[in-house]
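As a plain string of letters, each chain reads:
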Amino acid sequence: MPVRVRFAPSPTGLLHVGALRDALFKFLFARHEGGANLLRIEDTDRTRYNPDSEEEFITTLKWVGIDFDEGPHLGGPYAPYRQSERKEAGIYAKWIEVLLERGHAYKAFDTSEELDQMREFQQINKMATGYFGGDWRDASLEKLKEAEGKPFVIRQRIPRDTTIAINDLVRGRIEWDSNLIDDPVLIKADGMPTYHFAAMVDDYLMGITHIIRGEEWISSAPKHAALFDAFGWERPIFVHCPVIVGTDGKKLSKRHGATRVLDYAAQGFLPSGLKNFIALIGWSAGEDREVLTEEELIAAFELDRLQPSPGRFDLEKLRWLNGSHIRMLSPEALLAELLSFIGQSYTRAYWDSFEDESPMPNKPPLDGKELMRKLDRIAAFPDRDYLLDAVKLEQERVQTLADFGEALEFFLVDEPTMDPKAASKWFGQGHVPALFAMILDKCDSVPSDLSEASAFWDEALRTFQVSQGLEKLGPVVHPTRVALTGKTFGPGLFELMALLGPERIRTRLQKLAD
């Protein structure tokens, strides 16, 4: 039977890391098996439904590069793919009648006050909490007749005095005492189906072969397995993925770097880098492989490589992996990605409202608006050939597209911002005035070819080192770098000088002398 999986979000909020991993695992598995990947919108909770949320899910997944074969935006043989529309089409009404007729479901007329009293009684007496039948599971026909016309829900009749078991692909056989499983609501008082009912009915009708979801759903698995059994349907394969935690082993939260997925796009992460990182949270490609393209992820993605232990979200690893994917790109493709990134509305919205809650040690908080101004300078710079060469020099050093704002600044401004500590350390040394004078003199002889110009400056600065009797090249390189870039770090100095060109070098050294 061909593999069929579904990503079925409830569009009530923003797309975060857990949902992205859920969608990614299903996408990779479907593509690995040559199967189908479905998008189904589970919008039966109309009080919390947000149409903007649904649009963000689709837009964000498209940015990441997770596509679908069927869904509300694509259509397909099992349409409609929104549960609210399926409810209106009468799909769930048909199947709930089947359960009622077979005795696997029942109407419960409890009021909210009665349910509160029941839970309070259970808590006081240290009993298992939940609805285990109440007054209605085995109500007489007379009692049911008396309740006619009153609001009711329809509950699943969980079998009693038996063991419910599933064979989970990650954890093996899991068993439950059915007497400890409460009777869940299948149809709410407003007639809308609950997740427990609608999702399982849709999984059967849509031919879903694997229910892949987070381990927080393990407690619901016996209810879902019992529902399939009640209908006489073959169960899908259950796959419960490990929970995601921070590097400290605690529940993933904002302090670990977890945020809205579209914010990762705004921070300058590539879709390929983010996919690579997310795929490795609770799954392994084997052979200690970590840097993987989408094609390599698809080729390696087998469910038996899922791990039962929690997967860790490590923001530094994400940055490292993203840097690796940046270096996979050709400079031309990277520049195109960078310019596209700068032009996105979500990039500007993110940085214009950014507040640095975790500044780097010994550094002022990052100013989001200032970073956006630096990025805008890149987009507005007219000389694309010069910009491309600057990107080439910084490509080995950056980890995100946003890093280019700071990394490229000194290439693009008339006068770079000077690090006062670096200037104080290096400009006061005795040989520096002669060094700058030599560089100014050489500016008239620099070759136009960049590789030749790089070799030219290499020879010039090394010759100066020898003439001054300096044991190392550092006392020559460092003051020159600070004078030209305002920084003590950056790409190779000789390549940098070749790209800046004699006019920029001359202008910057002369301003220092003024």
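S.K.: For this particular structure, what's the right way to read the overall build of the protein chain?
M.R.: Check the secondary structure of the protein chain and you find 23 helices and 11 strands. By the compact-globule yardstick of 24 Å for 514 residues, the protein chain is too spread out, its C-alpha radius of gyration being 31 Å. Across its three principal directions, the C-alpha atoms of the protein chain cover 110 × 50 × 40 Å. For the protein chain, the share of sequence-separated contacts (at least 6 apart) that also reach a separation of at least 24 residues comes to 74%. A total of about 24700 Å² of accessible surface is found on the protein chain, and carbon and sulfur atoms cover 50% of it.

S.K.: Would you mind going over the nonpolar core with me for this structure?
M.R.: A general tendency of soluble globular proteins is for nonpolar side chains to be buried together. One finds L338, L408, F411, W457 and L461 to be the most contacted residues of the largest nonpolar core, which totals 59 residues. If one sorts the elements of this core by residue count, helix α23 (residues 493–513) sits on top with nine residues. Among all residues touching L408, those that are not within four sequence positions of it are L338, I378, L387, A390, V391 and E394. Ranked by size, the runner-up nonpolar core spans 48 residues in total, among them Y264, L274, I278 and W283.

S.K.: I would appreciate a short explanation of the pattern of salt bridges in the present structure.
M.R.: Pairing of side chains with opposite charge becomes possible as their charged atoms draw close. In total, this model carries 38 salt bridges according to the counting rule given. E54 is the partner of R82 in a salt bridge, and the nearest nitrogen-oxygen pair spans 2.6 Å. Remark: E54 occurs in helix α2 (residues 51–64) and R82 occurs in the loop between α2 and α3 (83–88); sequence separation between them is 28 residues. Judged by relative accessible area, R82 falls into the partly exposed class, the value being 22%. Overlapping salt bridges bring together R6, R40, E42, R86, D202 and D203 as one network.

S.K.: How should the environment of I174 be read in this particular structure?
M.R.: Among the structural elements, I174 can be located in strand β6 (residues 172–177). In this structure I174 comes out as buried when scored by relative accessible area, which is 16%. It is 17 Å that separates the C-alpha atoms of I174 and D161, two residues lying 13 residues apart in sequence. I174 has contacts with I164, A165, I166, D168 and I218, leaving out every residue within four places of it along the chain.

S.K.: It is not clear to me how the layout of surface pockets should be interpreted in this structure. Could you clarify?
M.R.: To find leftover empty space, one rolls a probe the size of a water molecule over the atoms. Of the voids in this model, the second largest pocket is the one considered here, and its volume is about 1100 Å³. Counting residues per element, the ones that place at least two in the lining of the second largest pocket are β1 (4–7), α1 (17–33), α7 (195–205) and β8 (210–214). At six residues, α1 tops the list of elements feeding residues into the lining of the second largest pocket. For the lining of the second largest pocket, the residue count by class is 17 nonpolar, 12 polar and 15 charged.

S.K.: Can you help me understand the pairing of β8 in this one?
M.R.: For a regular strand, the rule is simple: side chains alternate between the two faces of the sheet. Along β8, five of the five residues are buried, which leaves the element largely enclosed by surrounding structure. As judged from the five bridges shared by β8 and strand β9 (residues 237–241), these two strands associate in the parallel manner. Bridged to H210 within β9 is I237. Note on the crossover from β8 through helix α8 (residues 221–231) to β9: the handedness is right-handed.

S.K.: Teacher, can you tell me more about empty space enclosed by the protein here?
M.R.: Tallied over the entire structure, the rule returns one cavity of 30 Å³ or more. Considering only enclosed or pocket space, the largest cavity measures out at about 30 Å³ in volume. Taken together, S10, P11, T12, E42, D43, D45 and Y49 make up the lining of the largest cavity. When the residues that make up the lining of the largest cavity are grouped by side-chain class, the tally is two nonpolar, two polar and three charged.

S.K.: Honestly, unusual backbone geometry in this entry has me stumped. Any pointers?
M.R.: Across the chain, the bulk of peptide bonds are trans and the bulk of non-glycine residues have phi less than zero. A cis amide bond links A79 to the next residue, P80, at an omega of 5 degrees. Residue position: P80 is located in the loop between α2 and α3. Although it is not a glycine, E287 adopts a positive phi angle of roughly 60 degrees. Summarising the element assignment, E287 is placed in the loop between α10 (271–279) and α11 (294–300). Phi at D288 takes a positive value of approximately 55 degrees, unusual for a residue other than glycine. Following the sequence through the fold, D288 ends up in the loop between α10 and α11.

S.K.: Looking at this model, I keep getting lost on the packing of aromatic side chains. Mind explaining?
M.R.: How two aromatic rings sit relative to each other is set out by the distance from centre to centre and by the angle between their planes. All told, the structure shown has 23 aromatic pairs when counted by the stated rule. Here W95 and W233 contribute two aromatic rings whose centre-to-centre distance is 5.2 Å and whose plane-to-plane angle is 75 degrees, an arrangement assigned as edge-to-face. Taken together, the residues span a long stretch of sequence, with W95 in helix α4 (residues 91–102) and W233 in the loop between α8 and β9 at a distance of 138 residues. Given a relative accessible area of 15%, W95 falls into the buried group. With a centroid separation of 3.8 Å and an interplanar angle of 5 degrees, the aromatic rings of Y204 and W233 are classed as stacked. One end of the pair, Y204, is in helix α7; the other, W233, is in the loop between α8 and β9, and 29 residues separate them in sequence. Ring pairs connect the aromatic residues W95, Y204, F228, F231 and W233, which therefore count as one cluster. Residue placement shows K143 over the ring face of W136; its charged tip is 4.6 Å from the ring centre.

S.K.: Where do I start with the side chain of K374 in this structure?
M.R.: Mapped onto the elements of the fold, K374 is located in helix α15 (residues 368–380). Within the local environment of K374, its side chain forms a polar contact with the side chain of E406, the two groups lying 2.5 Å apart. Look past the residues within four positions of K374 in its chain and what remains in contact with it is G405, E406 and E409.

S.K.: Teacher, can you tell me more about the sheet that holds strand β3 (residues 105–108) here?
M.R.: The strands making up a sheet are joined through hydrogen bonds of the backbone, oriented either antiparallel or parallel. The three strands are arranged β3-β4-β7 in an open sheet whose pairing can be described as antiparallel. For this open sheet the edge positions go to β3 and β7 (185–187), each flanked by a neighbour on one side alone. Taking each pair of neighbouring strands and ignoring which way they run, the sheet shows an average axis angle of 45 degrees. Two strands pair when backbone bridges link them, and β3 and strand β4 (residues 153–156) are joined in this way by four bridges, in the antiparallel orientation. Directly across from A108, in β4, lies its bridge partner V153. The strands that α4 touches are β3, β4 and β7; relative to β3, the one it contacts most, it runs at about 95 degrees.

Scoring rules and cut-offs
Residues numbered from 1 in each chain as written. Predicted model: local features only at pLDDT ≥ 70, side-chain atom pairs only at ≥ 80, totals over all residues. Heavy atoms only, no water. Helix = DSSP H or I, 4+ residues; strand = E, 2+ residues; numbered from the N terminus. Rg over C-alpha atoms; globule rule 2.2 N^0.38 Å. Contact = heavy atoms within 4.5 Å. Areas by Shrake-Rupley, 256 points an atom, 1.4 Å probe, with all protein chains shown as cover. Core = buried A, V, L, I, M, F, W, Y, C linked by side-chain atoms within 4.5 Å. Buried < 20%, exposed > 50% of the residue type's maximum accessible area, 1.4 Å probe, protein only. Salt bridge = Lys/Arg side-chain N within 4 Å of Asp/Glu carboxyl O. 1 Å grid on protein atoms, 1.4 Å probe; cavity = no way out; pocket = protein on both sides within 12 Å on 5 of 7 lines; lining within 4 Å. Points joined across faces, edges and corners; volume = space filled by probe spheres on them. Nonpolar A, V, L, I, M, F, W, Y, C, P; charged D, E, K, R; others polar. Pairing = 2+ DSSP bridges. Right-handed = clockwise from strand over helix to strand, strands pointing away. Phe/Tyr/Trp six-rings, centres within 6.5 Å; stacked < 30°, edge-to-face > 60°. Lys NZ or Arg CZ within 6 Å of the ring centre and 35° of its normal. Polar contact = N/O pair within 3.5 Å; in protein donor to acceptor, adjacent residues only side chain to side chain. Axes fitted to C-alpha atoms, helices over the stretch in contact; angles between N-to-C directions.

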